[in-house]
Amino acid sequence: MSEQPNKAAFLPLFIGAGIAVGAGLGAATDNLALGLAVGVAVGAGLGGIATFSRTKRDRKSDPGGDGGASFGGGSSRDNDSDADGGGDGGGDGGGGGD
């Protein structure tokens, strides 16, 4: 396995910061459980966004790529046409054939 030493682990960092802020807010409002839950949720959300944006930026700076996984795209479905005439649930108003 090859590891990349300069990768920042944003998710645990942001979850830890969220717990700290949530504990402070929870103690201030006398509702520690809710404060911790909100802190973990906000921290995980921000950490996920930071990780995704870093991954996206790294992929743009490495056009050759290493054949690794990508987020989005790569679907085997053809989204440009619909063979059954609009039965995809889209806003075409059609409910199917009679």
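Every chain is numbered independently, its residues counted from 1 as its sequence is written. Given that the model is predicted, a residue must reach a pLDDT of at least 70 before its local features are reported, and side-chain atom pairs must reach 80 or more before they are shown or counted; all residues, however, enter totals for whole chains, interfaces and linings. Hydrogens are left out, water is left out, and the side-chain values use all remaining heavy atoms of the structure.

(A) Region of interest: the environment of Pro12. In this structure, Pro12 sits in helix H1 (residues 10-28). Each residue gets one of three labels from its accessible area relative to the maximum for its type: buried under 20%, exposed over 50%, partly exposed in between, using a 1.4 Å probe on protein chains only. Judged by relative accessible area, Pro12 falls into the exposed class, the value being 54%. Taking the C-alpha atoms as reference points, Pro12 and Gly47, 35 residues apart in sequence, are found 7.4 Å from one another. A run of H or I in DSSP counts as a helix once it spans at least four residues, and a run of E counts as a strand once it spans at least two, with each numbered from the N terminus.

(B) View of the packing of aromatic side chains. Note on ring pairs: Phe, Tyr and Trp rings are taken, using the six-membered ring of Trp, and paired if centres are within 6.5 Å. Classes follow the plane angle, with under 30 degrees stacked, over 60 edge-to-face and the rest tilted. Taken as a whole, this structure holds 1 aromatic pair when the rule is applied. Judged by centre distance (6.3 Å) and plane angle (45°), the ring pair of Phe10 and Phe14 falls under tilted. In this pair, Phe10 and Phe14 are both assigned in helix H1, 4 residues apart and thus about one turn of the helix distant. For Phe14, a relative accessible area of 27% translates into the label partly exposed.

(C) Local environment of helix H2 (residues 32-61). By this rule the span expected of a helix is its residue count minus one, scaled by 1.5 Å. With 30 residues, H2 should cover 44 Å at 1.5 Å per step; its first-to-last C-alpha distance of 43 Å lies within 8% of that length. Listing the buried residues of H2 in full gives Gly35, Gly39, Gly43, Gly47 and Ala50. By definition, residues are in contact when any of their heavy atoms lie within 4.5 Å. Residues of H2 that are buried in the fold lie against H1.

(D) Representation of the packing of H1 against H2 in the model. Whenever a helix is involved, its axis is fitted only over the stretch in contact; in every case the axis is a line through C-alpha atoms, and angles between N-to-C directions fall within 0 to 180 degrees. Two elements in contact, H1 and H2, have axes whose closest approach is 7 Å; the angle formed by their N-to-C orientations is 155°. Between H1 and H2, the angle is such that the two are roughly antiparallel. Considering how the two elements wind past one another, H1 and H2 form a crossing that is right-handed. Broken down by class, the residue content of the contact of H1 with H2 amounts to 13 nonpolar, 9 polar and 1 charged. What sets the label is the angle itself: under 35 degrees gives roughly parallel, over 145 gives roughly antiparallel, 65 to 115 gives roughly perpendicular, and the rest give oblique. By convention the crossing between two helices is left-handed if the near helix lies anticlockwise of the far one by an angle smaller than a right angle, and right-handed if it lies clockwise. Residues are grouped as follows: Ala, Val, Leu, Ile, Met, Phe, Trp, Tyr, Cys and Pro are nonpolar; Asp, Glu, Lys and Arg are charged; all remaining types, including Gly, are polar.

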